[in-house]
Amino acid sequence: QVQLIESGGGLVQAGGSLRLSCAASERIDSNYAMGWFRQVPGEEREFVAGISWSGGSTYLDSVKGRFTISRDDAKNTVYLQMNSLKPEDTAVYYCAIYFGRFAPPRRPTDYDYWGRGTQVTVSS
């Protein structure tokens, strides 16, 4: 199994920035997409951003222009740069991997492996 480890979460004031990292335990040779999700207690897990095996990216509308997903294949790592953070961004952020050639799915059930999550808290 591929192990995914998120890091970079923490407490930040509104308007600040955080950079989340998701490191895979091994190099992935198969076609895959990586996704970032977030979840608030009592609510459904929400798709935030995704990047395909070819590098194409997609975002939740509310984070467009503020968040950037990127990938460093040499380090087996995917990043989520979060700028201009808002209190509404507060959630546990999870990374996940989807083994397939399609664009990153928005449904959590389509993903094969998940990290444990990292807490992001944005104060007003």
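Scroll up to find the structure.
Residues numbered from 1 in each chain as written. Predicted model: local features only at pLDDT ≥ 70, side-chain atom pairs only at ≥ 80, totals over all residues. Heavy atoms only, no water.

**What about the sheet that holds strand 1 (residues 4-7)?**
Right, so step 1: Strand order in the open sheet formed by 4 strands is 1-3-8-7, and the pairing between neighbours is antiparallel. This sheet does not close on itself; its edge strands, each paired only once, are strand 1 and strand 7 (67-72). On average, each strand axis in the sheet is tilted by 15° relative to the strand beside it, whichever way the strands run. (Pairing = 2+ DSSP bridges. Helix = DSSP H or I, 4+ residues; strand = E, 2+ residues; numbered from the N terminus. Axes fitted to C-alpha atoms, helices over the stretch in contact; angles between N-to-C directions.)

**Examining the state of the cysteines**
Right, so step 1: All told, the structure shown has 1 disulfide when counted by the stated rule.
Right, so step 2: Each disulfide pairs two cysteine sulfurs, and for cysteine 22 the partner residue is cysteine 95, the sulfurs being separated by 2.0 Å. Residues cysteine 22 and cysteine 95 are joined through a disulfide that is right-handed, its torsion about the S-S bond being 60°. With cysteine 22 in strand 3 (residues 18-24) and cysteine 95 in strand 9 (residues 91-99), the pair connects residues that are 73 residues apart, well separated along the chain. (Disulfide = S-S within 2.5 Å.)

**Observations concerning the nonpolar core**
Right, so step 1: Membership of the largest hydrophobic core comes to 29 residues, with the highest contact counts inside it found for Met34, Trp36, Leu80, Met82 and Tyr93.
Right, so step 2: Of all the elements in the fold, those that place two or more residues in this core are strand 3, strand 4 (32-39), strand 5 (46-51), strand 7, strand 8 (77-82), strand 9 and strand 11 (118-123). (Core = buried A, V, L, I, M, F, W, Y, C linked by side-chain atoms within 4.5 Å. Buried < 20%, exposed > 50% of the residue type's maximum accessible area, 1.4 Å probe, protein only.)

**Thoughts on the side chain of aspartate 89**
Right, so step 1: Counting through the fold element by element, aspartate 89 comes out in the loop between strand 8 and strand 9.
Right, so step 2: A distance of 2.8 Å separates the side chain of aspartate 89 from the side chain of arginine 66, its partner in a polar contact.
Right, so step 3: Sequence-distant contacts of aspartate 89, defined by excluding residues within four places in its chain, comprise Arg38, Val63, Arg66, Phe67, Ser84, Val120 and Val122. (Polar contact = N/O pair within 3.5 Å; in protein donor to acceptor, adjacent residues only side chain to side chain. Contact = heavy atoms within 4.5 Å.)

**Regarding the environment of glutamate 43**
Right, so step 1: For glutamate 43, the position within the fold is in the loop between strand 4 and strand 5.
Right, so step 2: Separated by 61 residues in the primary sequence, glutamate 43 and proline 104 place their C-alpha atoms 21 Å from one another.

**Things to note about the side chain of serine 52**
Right, so step 1: Relative to the helices and strands, serine 52 resides in the loop between strand 5 and strand 6 (57-59).
Right, so step 2: Apart from residues lying up to four places away in sequence, serine 52 is in contact with Tyr32, Ala33, Arg71, Phe102 and Pro104.

**A few points about the packing of aromatic side chains**
Right, so step 1: Enumeration according to the criterion identifies 7 aromatic pairs in this entry.
Right, so step 2: Considering the side-chain rings of tyrosine 94 and tryptophan 114, the 6.4 Å spacing of their centres and the 80° angle between planes classify their relative orientation as edge-to-face. Here tryptophan 114 lies in strand 10 (residues 113-114) and tyrosine 94 lies in strand 9, a separation of 20 residues in the sequence.
Right, so step 3: Tyrosine 94 sits in the buried class, given a relative accessible area of 14%.
Right, so step 4: You can call tryptophan 114 partly exposed: its relative accessible area is 27%. (Phe/Tyr/Trp six-rings, centres within 6.5 Å; stacked < 30°, edge-to-face > 60°.)

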